[in-house]
Structures are given as structure tokens and as C-alpha cells.
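Listed below, chain by chain, are the residues.
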Amino acid sequence: MNLNFLEFEQPIAELEAKIEELRYVSNDAEINISEEISRLQEKSKTLTASIFANLSPWQISQLARHPLRPYTLDYAQRIFTDFDELHGDRVFADDQAIVGGVARLDGKPVMIIGQQKGRDTNEKVRRNFGMPRPEGYRKALRLMQMAERFKLPILTFIDTPGAYPGIDAEERGQSEAIARNLYVMAQLKTPIICTVIGEGGSGGALAIGVGDRIAMLQYSTYSVISPEGCSSILWKSAKNAADAAEAMGITSKRLKELNLIDKIITEPLGGAHRDIDAMAKNIRNFLVESIEIFERTALDKLLEQRYERIMQYGNFTGD
Amino acid sequence: MSWLTKLIPSKIRTESSTKKVPEGLWSKCTNCNAVLYRAELERNLDVCPKCGHHMRLSGRRRLEMFLDDEPRVEIAPQLEPIDALKFRDLKKYKDRLNAAQKSTHEKDALVSIMGQVKKIPVVAAAFDFKFMGGSMGSVVGEKFVRSVNACIEHNIPLICFSASGGARMQEALFSLMQMAKTSAALTKLQKRGIPFVSVMTDPTMGGVSASLAMLGDINIAEPKALIGFAGPRVIEQTVRQTLPEGFQRSEFLLEHGAIDMIVDRRQMRDKIASVLSMLTHQPTP
């Protein structure tokens, strides 16, 4: 089994392996099998397209956490220039599960903030698997308030299993750190554009997710609790994660239908990790277009719209 | 009859045929197991007279004991939840709602009343933990916002007693967004210089703790309440170590600087009235 492919992608993996094998053969043999290779490549494409046309919410949530999935810094590199990472909350520490700093988008200065997961074991530990502690949220807050002072639009990239559930995190006020960000972001006097690039895990995601335009990559997820967590609480067993994923409606498509997000950013065939450059280009287009809209919007209007939008969340009767 | 029961003298073997004690006359302290005379316990605001344990209260009873008898106007009592997602786990969300409404006689997990505390006009809201674990869904969020709006309209302070396990999973992302909604509403109070007192009672966890509950101008907790972001079991499973004694209890939060004070329920009215009178430049109540 190829670990770079998920379970439901295995038929694609097998085909790809076959193509690789043929390539290897064709390198040192006179027989021309390039025709066969291109036939197989075509077949692989169709197979991928057909598998990806009918993904279940549970499969999508696996894709959102795919080991090869691009993270915030992968996009930062490709979308921005002059990125200067800024560190620390000025109080306690520099939480590497959240990265942020100033950069240029199309020449214009912006503030970028995002959760960051690690690629190899060492980095995973250093980044705490993308689960921020209070100092991470407070660093984000500091950078956001700086962005407000210097009139920089804020671009956030959401990708976290959730805020870190640890003893130290509770000691330093995880709840307060998240609450404070929600409170400040609701009234921050600069445009905020949020993009869910992988896992949008609960309050830990929302703490950098209150803004004027919310987008999700096609195969990212956003939910109040992980499917596994929901399953173990409501089904009293960890085995119903797929049911939980279905019931909660965690996919970009469902959340767009429910009007909880503004935009779905299309992913390349097979997911963002199959063509990071193409993915970065799509995100970039969305960001450039969003900033242009907000440049034409007066600041009080922007804040009023943001507030109204937040107030509209919810379903109830009795009025 | 087994050989063991035969050995027990017949006088002891009578529990099945005892005379019935009227239901609800006595209750047991959930902490020290002391048997308490119900009427006395109620006079003591459901604080155990033996060990001082603060028992959980329904939202309505909480406000009943906190506010002056008159005047009282309930805010948005007509709001009712709807199951927009047709959510179903082992049970349907709809059935869970019906069951909770029947057992609590409330429409959802937050009750809010405009009234007075020691003659100071206020809006006071309280969570009902018995209603699906006090979980915050759309109705809780909306009622909280309307409570804030009532405060702004009448220029009076807001007090909220939290008791909640967090966001309501059955409303999925809508419930997560209530964190943003309640927090955003509080910014309006700040702009008007209207005080918000947050009282955290046992338990205040997850999405409620990480939004409105931590945003008080004054954060108060009842003694020994469990307050935190992640649940103790989740933390234990993540860090694989036993949690320190008293972890995530009010006293722990006070020590770590998350709350201003711990107030005994029996002093709550006096304490909040006193603080509010100072923040609003009124004479001592």
C-alpha cells in the first residue's frame, strides 16, 4: 500500500505504479511503449476524476488531513513576496503552531496569519501538529492589531485539528485567548479574509476565522468538532466518524449551500497536493479579487456588513 | 431466598416494605452525600449546609433567586430551535429537543429576564444545564444577542450565568458561529460603556467558555466550578498524564489570573449589586 495515497485512492496509486514501471522499462529498451504510457495516463486521469466526483464527507475529511497536503507556509512561498515572519506574543513565547508576518501580494503589503502543521516528525512536534496554545492566538492577535494600525488587510489560513487540549494551555487561558480574538476580530478596522486550507477544527479554527470573506478549498473541512470526537460523544463509539462527518455537513459544498461560507476555491484534480502551484494560483486569484472588492468599500460600511453577517448566523422560529 | 438473606435477622430485611416517604421531601448532597431537608436546602439556595457544595440550578431558578421579585420581563421567550440540518445520531435532534423541552419546561438552554438586582435595573441571563447540557445553539446565541440589545436600549448592565458543556453538536457549524455572534455582540456593550458581568457556574466548558463567558468586564465564578476549554478527559487522553488536583476548578482559574473573584452563591446578589453600582457611579445599594 502506498502511504502517499489514501485508502480510496489506492486504485489510482496502482495505476500510477504501473506507469512508473513502464517508464523504467522504456528507458533501457528499444521497444516504444510511450503510446501505452499515455493511454494509461489518460486512464489514470479518468479514474481519478470518477473517484473524486463522488467523495463522501468522510473521505473529504481524510483528504483535508492528507500527509502531503500543502500547509500555510507552502502557500505563503508561492503566493506572496517579501514575506517576513514575525514571532512571539511579547508575553510568554513564540507558538510555532501559528505563523504570521508581513508580505506583499501583487506588490501590496498585507498581514498573513495561519496555523502551521509539520511535515516530518521533528517539525510535527515543533509545530504541535498545528494545535495552537494561548500564546499562538495572542501572537495572532498582536499581528492583527498591528495590521489595523498600519492599514494592512489581514489574510488568514485555517488548518488545525483544534486548539491544543493541554494542561499548560488551560493554565494560560486557552478559552480567554480564543474569546478575545473573536471579540477583537469582530470590530477590527481592516479587511479580514479567511481561507480554510485543510482542517477547520472548531474554536481553534474560528479564533482566526472571523472576517469579511470566508473561503474554503474544495476538499477542506470546517466543523464544530472532529468527526471522531462527535462520533465518540453522540454515538458513544469511535466507529461512527463517517456518519458524524455526514450528519454535521463539514464540506465546502454543504457549507456553501448553508450560506456559512462565501466561496469554494477549486482544487486541482486529485486534490491540492497533486499540484501545489496550481492550487496556490487559485487561492491567489481569490485573495486578489477579495482585496480589490474591499478597497472599494468604506471602512464603516465594511464593519457594519461584518457585524450584520455575524448576527445572521443561526436558525430559529418564534418571531 | 438465598442462604445469606436467611441469615439476616428479619427486622433488617424490611426495606422493600417500608412506608413511603413523600417524594421530594429529602434530597442528598451530590458532594458529601448528606441527607438534607429539601425546604431547608432551597432556603439555602441549593448550597449544601453541611459542606458548602454549590449544586447545579436550572436557569429559571437561578434568575428567580438572583433578581428582585419585581419587575420582571422575560426576553424573547418565544424563540424556539429548529432542526435545519435534519441532524440524526443515535437519536434525532428533533426528539432530543422534544425530550429536553418536556423535562425542563424551557424552549432552549438560555433564559433571560430584564429586572432589578437590589433596585439596580439589569438584564440577567442564565444557562440551563439540564437542557442538552446547556449547549449553545442558534437560540441561545440569538437570545444572548437580544439580551445585549435590551441592555443597550435601556442603558443597563448585563449579567450572564453560564452552565454549559459548549457548542451544540447537533447544530454543527451554526453552533460554532454562535461563539462569534455572542462575542461580537459584546463589543457593542463595550462601545456604550455598559458593564458585563460573567458568572461561571459548574460547568462552563468549550465554546461557551471560549466566547461570552470569558469576556466579562468582571469574571466571577462560583466555588469549585469546573471551567475550561477542553474537557478533562480529552486532556488526559492527549497528554497521557494524570491531571493535577483541582485542575480547571474556580480556585485554579483564580490562581492563574483568568477570573476576578470567587463568590459564594449566597453572597452573589450583594456582591454583583455592589460592583455594578460602582461601575455605573451609583450610590451603595
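Values in this document were obtained by computation on a predicted structure and should not be read as measured data. Residue positions are counted from 1 within each chain, in the order its sequence is given. Chains carry letters from A onward and ligands carry numbers from 1 onward, assigned in written order. In keeping with the predicted nature of the model, local features appear solely for residues at pLDDT of at least 70, side-chain atom pairs appear and are counted solely at 80 or more, and the whole-chain, interface and lining totals rest on all residues. Derived side-chain values reflect all non-hydrogen atoms in the structure, with water molecules and hydrogen atoms excluded from consideration.

**Let's talk about the overall build of chain B**
Here's step 1: Helix and strand labels come from DSSP, where a helix needs a run of H or I of at least four residues and a strand needs a run of E of at least two; each type is numbered from the N terminus. Looking only at helices and strands, chain B features 10 helices and 11 strands.
Here's step 2: For every residue, the accessible area (1.4 Å probe, protein chains only) is compared with the maximum for its type, and the residue is labelled buried under 20%, exposed over 50%, or partly exposed between those bounds. Out of the 285 residues belonging to chain B, those deemed buried represent 54%.
Here's step 3: In chain B, the proportion of contacts linking residues at least 24 apart, taken out of those at least 6 apart, comes to 66%.
Here's step 4: Approximately 13,700 Å² of chain B is accessible, and the part contributed by carbon and sulfur atoms is 52%.
Here's step 5: One finds the centroid of the 40 positive side-chain charges in chain B at a distance of 5 Å from the centroid of its 30 negative side-chain charges. In what follows, residue pairs with any heavy atoms lying within 4.5 Å of each other are defined as contacts. Working definition of accessibility: Shrake-Rupley area with a 1.4 Å probe, residue cover restricted to the visible protein chains. Charged residues are defined here as Lys and Arg on the positive side and Asp and Glu on the negative side; His and the ends of the chain fall outside this count. For the purpose of locating charges, the reference atoms are NZ of Lys, CZ of Arg, CG of Asp and CD of Glu.

**Regarding the interface of chain B and chain A**
Here's step 1: If you look at the interface, chain B gives 56 residues, while chain A gives 46 residues.
Here's step 2: By buried area we mean how much accessible surface two parts lose on assembly, using a 1.4 Å probe and totalling the loss over both. When the two sides are added together, the surface that chain B and chain A hide from each other amounts to roughly 4,700 Å², 72% of it contributed by carbon and sulfur.
Here's step 3: Of all residues in chain B, Met169(B), Leu173(B) and Phe229(B) bury the most surface against chain A, accounting for 15% of the area lost on that side.
Here's step 4: Any Lys or Arg side-chain nitrogen found within 4 Å of a carboxyl oxygen on Asp or Glu counts as a salt bridge. Counting the contacts that link chain B with chain A gives 1 salt bridge.

**Here's the deal with the pairing of strand E3 (residues 108-115) of chain A**
Residues and elements named next belong to chain A.
Here's step 1: The element E3 is extensively covered by neighbouring structure, given that 6 of its 8 residues are classed as buried.
Here's step 2: We treat two strands as partners when DSSP finds at least two bridges between them. In this structure, strand E2 (residues 98-105) lies alongside E3, joined through 8 bridges in antiparallel fashion. Residue pairing for E3: Ala-103 is matched across the bridge by Val-110.
Here's step 3: As consecutive antiparallel partners, E2 and E3 are separated by 2 residues, and within that stretch Asp-106 has a phi angle of approximately 60 degrees, a positive value.
Here's step 4: One ladder, built from 4 bridges, connects E3 with strand E4 (residues 154-160); its direction is parallel. Directly across from Ile-113, in E4, lies its bridge partner Thr-156.

**Observations concerning unusual backbone geometry**
Leaving glycine aside, a negative phi is the common case for residues, and trans is the common case for peptide bonds.
Residue and element names in this part refer to chain B.
Here's step 1: A cis amide bond links Glu-70 with the next residue in sequence, Pro-71, at an omega value of -15 degrees.
Here's step 2: Of note, the bond from Asp-202 into Pro-203 is cis; its omega dihedral lies within 30 degrees of zero at -10 degrees.
Here's step 3: One non-glycine residue with positive phi stands out, namely Lys-86, at about 50 degrees.
Here's step 4: With respect to the helices, strands and loops of the structure, Lys-86 is situated in the loop between strand E4 (80-81) and helix H4 (93-104).
Here's step 5: One non-glycine residue with positive phi stands out, namely Lys-224, at about 60 degrees.
Here's step 6: Mapped onto the elements, Lys-224 comes out in the loop between strand E9 (218-221) and strand E10 (227-228).

**Looking at the packing of helix H4 (residues 72-79) of chain A against helix H13 (residues 276-295) of chain A**
Residues and elements named next belong to chain A.
Here's step 1: Where H4 meets H13, the closest approach of the two axes is 9 Å, and the angle between their N-to-C directions is 75 degrees. Overall, the two elements H4 and H13 adopt an arrangement that is roughly perpendicular. Within the contact between the two elements, H4 uses Tyr-75, Arg-78 and Ile-79 and H13 uses Ile-276, Asp-277, Met-279, Ala-280, Ile-283, Arg-284 and Leu-287.
Here's step 2: Each residue is assigned to one of three groups, with Ala, Val, Leu, Ile, Met, Phe, Trp, Tyr, Cys and Pro labelled nonpolar, Asp, Glu, Lys and Arg labelled charged, and all others, Gly among them, labelled polar. Looking at the contact of H4 with H13 residue by residue, the class counts come to 7 nonpolar, no polar and 3 charged. Each axis is a line fitted through C-alpha atoms, and for a helix only the stretch in contact is used; angles between axes span 0 to 180 degrees, taken between their N-to-C directions. Reported orientations rely on four angle classes, namely roughly parallel under 35 degrees, roughly antiparallel over 145, roughly perpendicular from 65 to 115, and oblique for the rest.

**Notes on helix H6 (residues 134-149) of chain A**
Because each turn of an α-helix spans 3.6 residues, side chains separated by three or four positions in sequence point in the same direction.
Residue and element names in this part refer to chain A.
Here's step 1: By this rule the span expected of a helix is its residue count minus one, scaled by 1.5 Å. Taking 1.5 Å as the rise per residue, H6 with 16 residues should run 22 Å; its terminal C-alpha atoms sit 23 Å apart, in good agreement.
Here's step 2: Restricting attention to buried positions, one finds in H6 the residues Pro-134, Glu-135, Gly-136, Tyr-137, Lys-139, Ala-140, Leu-141, Arg-142, Leu-143, Met-144, Met-146 and Ala-147.
Here's step 3: Those residues of H6 that are buried are in contact with E2, E3, E4, helix H7 (167-171), helix H8 (174-185) and helix H9 (202-206).
Here's step 4: Remark: Lys-151 follows H6 within two positions and exhibits a positive phi of approximately 55 degrees.

**Comments concerning the pattern of salt bridges**
Here's step 1: Counted by the stated rule, this structure contains 44 salt bridges over all chains.
Here's step 2: Close ionic contact of Glu176(A) with Arg138(A) constitutes a salt bridge, the shortest N to O distance being 3.0 Å. Here Glu176(A) is found in helix H8, whereas its partner Arg138(A) is found in helix H6, with 38 residues between them in sequence.
Here's step 3: Asp89(B) is paired through a salt bridge with Arg96(B); the nearest N and O atoms lie 2.5 Å apart.
Here's step 4: The network of salt bridges with shared partners includes Arg65(A), Lys117(A), Asp159(A), Glu199(A) and Glu228(A).

**A few points about the pairing of strand E5 (residues 110-117) of chain B**
All names here are of chain B.
Here's step 1: Among the 8 residues of E5, 8 are classified as buried, and the element is accordingly described as predominantly covered.
Here's step 2: Judged by which residues are buried, E5 turns out to be covered on both faces: Leu-110, Ser-112, Met-114 and Gln-116 on one side and Val-111, Ile-113, Gly-115 and Val-117 on the other are all buried.
Here's step 3: Relative to strand E6 (residues 120-127), E5 runs antiparallel, the two being bridged by 8 bridges. Bridge pairing links Gly-115 to Val-122 in E6.
Here's step 4: As consecutive antiparallel partners, E5 and E6 are separated by 2 residues, and within that stretch Lys-118 has a phi angle of approximately 50 degrees, a positive value.

**Some remarks on the state of the cysteines**
Formally, a disulfide is one covalent bond, and it connects the sulfur atom of one cysteine to the sulfur atom of another.
All names here are of chain B.
Here's step 1: Any two cysteine sulfur atoms lying within 2.5 Å of each other are counted as a disulfide. In total, this model carries 0 disulfides over all chains according to the counting rule given.
Here's step 2: Looking at the unpaired Cys-151, the closest cysteine sulfur is the one in Cys-160, lying at 10 Å.
Here's step 3: A residue is classified by how much of its surface remains accessible, and Cys-151, at 0% relative accessible area, is buried.

**Some details on the packing of aromatic side chains**
Here's step 1: Put simply, two rings from Phe, Tyr or Trp (the six-membered ring, in Trp's case) pair if the centres are within 6.5 Å, and we call them stacked under 30 degrees between planes, edge-to-face over 60, tilted for the rest. Applying the stated criterion to the full structure yields 7 aromatic pairs over all chains.
Here's step 2: Each ring, one from Phe80(A) and one from Phe157(A), has its centre 6.3 Å from the other, and the planes form 75 degrees; the classification is edge-to-face. Of this pair, Phe80(A) sits in the loop between H4 and strand E1 (81-85) while Phe157(A) is found in strand E4, placing the two residues 77 residues apart along the sequence.
Here's step 3: An aromatic cluster is built from Phe8(A), Phe52(A) and Tyr219(A), whose rings are joined through pairwise contacts.
Here's step 4: Across the ring face of Tyr307(A), the terminal group of Lys188(B) is positioned such that the distance to the ring centre comes to 4.0 Å. Throughout this description, the term charge over a ring refers to an Arg CZ or Lys NZ atom that lies within 6 Å of the ring centre and within 35 degrees of the ring normal.

**Description of the nonpolar core**
Here's step 1: Core analysis: the biggest nonpolar cluster contains 118 residues, and Tyr222(A) and Leu186(B) have the highest contact counts within it.
Here's step 2: The greatest single-element share of this core, amounting to 11 residues, is contributed by helix H6 (residues 172-192) of chain B.
Here's step 3: Residue contacts for Leu186(B): discarding those within four places in its chain leaves Tyr183(A), Phe144(B), Val148(B), Leu158(B), Phe196(B), Leu212(B) and Leu215(B).
Here's step 4: We call a set of buried residues a nonpolar core when its members are Ala, Val, Leu, Ile, Met, Phe, Trp, Tyr or Cys and they connect through side-chain atoms within 4.5 Å of each other. Listed in part, the 25 residues of the second largest apolar core include Ile79(A), Leu105(A), Ile197(A) and Met279(A).

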